[in-house]
Amino acid sequence: MASPAAGVVVIVGSGLIGRSWAMLFASGGFRVKLYDIEQQQVTNALENIRKEMTFLEQSGSLKGSLGAQDQLSLISGCLNIQEAVEGALHIQECVPENLELKKKIFAQLDQIIDDQVVLSSSTSCLLPSQLFAGLAHVQQCLVAHPVNPPYYVPLVELVPHPETAPATVDRTHALMRKIGQSPVRVLKEMDGFVLNRLQYAVISEAWRLVEEGIVSPSDLDLVMSDGLGMRYAFIGPLETMHLNAEGMLSYCDRYSEGMKRVLKTFGPIPEFSGATVEKVNQAMCLKVPVDPEHLAARRRWRDECLQRLAKLKRQMPSQ
Ligand SMILES: NC(=O)c1ccc[n+]([C@@H]2O[C@H](COP(=O)([O-])OP(=O)(O)OC[C@H]3O[C@@H](n4cnc5c(N)ncnc54)[C@H](O)[C@@H]3O)[C@@H](O)[C@H]2O)c1
């Protein structure tokens, strides 16, 4: 059984992301209180987590050193926020992506938390300066942005408010490492953080290449899944440069002129509408029809791929 000293983590919002966080914190031996305004959401979440953990244990993919039963016993539902946050060391907010709603919840939490707990938001794209403006406990606040599905994709972007205490980021970094996630420090807040800026750069050029008739939508996706993506699961673009020549200086020496020449041909921001969206949509629907069964089946396949990739990455430690 986990040591009670591991501490209490509160999840605010028991939807898709809240459930994943609950499982991750339980895998690290933390007691988890799963809070929601909807009783049915909490009931569904606990049932869904039980099924997931049983499946993960059977398939040998359960994280942490505790068995599924012990991990499950660490998670409880809660409908009273005051009770939930008492004595907590970390609060992870996971309510829908709506600035006013999140601000309302942080203002409420600001009234009832102590000076020790870390208050963290899962927001995908709201900025800390908007979320935490005017809070008395702003030094204890930051964004910890996970990637879906967080159980298999370990990256977490830690984004501070300008007034966040460095100790808050350090503590959250250590906590994320403890539950097996891979935290990165975004040093200053920036729209889109880092992951989405990279993702949008790729989507943008993908769109232009299809729009200009250079490549078909399905071949474009293959370039990533059977090309770039193969190594990006293990090394980033900067290390790729370093390894693709005799080090970074040699790469820049050899390839910077070519890169700049190609980059100058990049077009403007796409509109993501009109004939191109129809063309891309048609190709995607041919591959995965837009009905709940096909979408769910494809997502299950994607998650199984990510689960196996996560296993492979554990067998191939980077250092
Ligand atoms: N879904 C993703 O792929 C993804 C990835 C990374 C980050 N995020 C971020 O995580 C957050 C949650 O997203 P999600 O997909 O889990 O949403 P979701 O809609 O699945 O779940 C939201 C939950 O919050 C609950 N809720 C609503 N109002 C509440 C309140 N006042 N107090 C407590 N609970 C309340 C709802 O009942 C629901 O259970 C969002 O900010 C989102 O941007 C989502």
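Refer to the preceding data block for the structure.
On a predicted model such as this, the values are computed, not experimentally measured, just so you know. (Residues numbered from 1 in each chain as written. Predicted model: local features only at pLDDT ≥ 70, side-chain atom pairs only at ≥ 80, totals over all residues. Heavy atoms only, no water.)

Undergrad: Just to check I follow, could you spell out the site of the ligand for this structure?
TA: What surrounds the ligand is a group of 24 residues, the closest being D36, Q41, E97, K102 and S124. At 3.4 Å from an oxygen atom of the ligand is found a main-chain nitrogen or oxygen belonging to G15. Between the ligand and D36 there is a distance of 2.7 Å, counted from an oxygen atom to a side-chain nitrogen or oxygen. Starting from 840 Å² of accessible surface for the ligand in isolation, the protein chains cover 78%. For the shell around the ligand, the secondary structure elements donating two or more residues are α1 (16-27), α5 (99-112) and β6 (141-146). A per-element tally of the shell around the ligand places α5 first, with 3 residues. Of the residues belonging to the shell around the ligand, the class tally is 11 nonpolar, 9 polar and 4 charged. (Near = heavy atom within 4 Å. Polar contact = N/O pair within 3.5 Å; in protein donor to acceptor, adjacent residues only side chain to side chain. Areas by Shrake-Rupley, 256 points an atom, 1.4 Å probe, with all protein chains shown as cover. Helix = DSSP H or I, 4+ residues; strand = E, 2+ residues; numbered from the N terminus. Nonpolar A, V, L, I, M, F, W, Y, C, P; charged D, E, K, R; others polar.)

Undergrad: Could you clarify how one ought to interpret unusual backbone geometry in this entry?
TA: Peptide bonds are, in most cases, trans, and in most cases residues other than glycine have a negative phi. For the bond running from N148 to P149, omega is -5 degrees, close enough to zero to count as cis. Relative to the helices and strands, P149 is located in the loop between β6 and β7 (155-160). Positioned with a positive phi, F193 is a non-glycine residue whose angle comes to about 50 degrees. Mapped onto the secondary structure, F193 falls in the loop between β8 (182-185) and α8 (195-211). Taking the relative accessible area as the measure of exposure, F193 reaches 1% and is therefore buried. (Buried < 20%, exposed > 50% of the residue type's maximum accessible area, 1.4 Å probe, protein only.)

Undergrad: Would you take a moment to explain empty space enclosed by the protein for this structure?
TA: Gaps left between atoms are located by rolling a probe of water-molecule size over the structure's atoms. The tally for this structure, following the rule as stated, stands at 1 cavity of 30 Å³ or more. For the largest cavity, the calculated volume is near 40 Å³. Classifying every residue of the lining of the largest cavity gives 3 nonpolar, 2 polar and 2 charged. (1 Å grid on protein atoms, 1.4 Å probe; cavity = no way out; pocket = protein on both sides within 12 Å on 5 of 7 lines; lining within 4 Å. Points joined across faces, edges and corners; volume = space filled by probe spheres on them.)

Undergrad: Can you help me understand the nonpolar core in this one?
TA: Core analysis: the largest hydrophobic core is formed by 34 residues, its most contacted members being I11, W21, F25, I49, M53 and M176. Put simply, the parts of the chain that give this core at least two residues each are β1 (8-12), α1, β2 (31-35), α2 (39-58), α3 (68-73), β6, β7 and α7 (166-178). The biggest single contributor to this core is α1, with 6 residues. When neighbours within four sequence positions are excluded, M53 is seen to be in contact with M23, A26, L62, A68, Q71, L72 and I75. The next biggest cluster of nonpolar side chains, apart from the first, holds 28 residues, and it includes I81, A84, V117 and V143. (Core = buried A, V, L, I, M, F, W, Y, C linked by side-chain atoms within 4.5 Å. Contact = heavy atoms within 4.5 Å.)

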